[in-house]
Amino acid sequence: RSRVKRAKKTIQMSASEELRALEKLVSRLRRRIENQAKHVEGLAEYPELAERATRILELESENLRKTLIEVQEMKARVAKEAAEESASRRRKAT
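Bear in mind the structure is a predicted one, so any value in this text is a computation, not a measurement.

Applying the stated criterion across every chain yields a total of 7 salt bridges. Of the charged contacts in the structure, one is a salt bridge between Glu-60 and Arg-32, with a shortest N-O distance of 2.5 Å. Linking Glu-60 in helix α3 (residues 47-93) with Arg-32 in helix α2 (residues 15-42), this pair joins segments that are 28 residues apart in sequence. For Glu-60, a relative accessible area of 12% puts it in the buried group. You can call Arg-32 partly exposed: its relative accessible area is 44%. Across the pair Arg-65 and Glu-62 runs a salt bridge whose closest N-O atoms are separated by 2.7 Å. Linking Arg-65 with Glu-62, this pair stays in helix α3, spanning 3 residues, or about one helical turn. When salt bridges that share partners are traced, they join Glu-18, Arg-77 and Glu-81 into one network.

Here it is as structure tokens:
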């Protein structure tokens, strides 16, 4: 959950705000991975540096994978909250 904490800009965020923050984080991670992949290609003549850069790329890819799982969980939470809110409004209207 540390990535979520970093993505939060305030202490209290709604699930939909949290989801938007996670989606921004995913976008940033994808750009970093793309840039790191280009960096690895550029280091082809320097095997030791290329190996280190490849390890960093693997870590970034793992961070992206975990964040994408969090996004899926958050989407489910947002949908659940929306359904609960809708049901609550219907109860109040009757």
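Here we take up the confidence of the model for the chain. Chain-level pLDDT for the chain is 86 on average; 86% of the residues reach the 70-or-more range. Of all the helices and strands in the chain, helix α1 (residues 2-7) carries the lowest mean pLDDT, 55, while α2 carries the highest, 93.

Let us now look at α3. For α3, which comprises 47 residues, the first-to-last C-alpha distance of 68 Å matches the rise-based estimate of 69 Å (1.5 Å per residue) to within 8%. Those residues of α3 that fall on the buried side of the exposure criterion are Ala-50, Ala-53, Leu-57, Glu-60, Leu-64, Thr-67, Glu-70, Val-71 and Met-74.

Within the secondary structure, Glu-17 is located in helix α2. Under the relative-accessibility criterion, Glu-17 is labelled partly exposed at 35%. Spatially, the C-alpha atom of Glu-17 lies 9.6 Å from that of Val-78, the residues being 61 residues apart in sequence.

Basis of the calculations
Residues numbered from 1 in each chain as written. Predicted model: local features only at pLDDT ≥ 70, side-chain atom pairs only at ≥ 80, totals over all residues. Heavy atoms only, no water. Salt bridge = Lys/Arg side-chain N within 4 Å of Asp/Glu carboxyl O. Helix = DSSP H or I, 4+ residues; strand = E, 2+ residues; numbered from the N terminus. Buried < 20%, exposed > 50% of the residue type's maximum accessible area, 1.4 Å probe, protein only. pLDDT = per-residue confidence, 0-100. Expected span 1.5 Å × (residues − 1).

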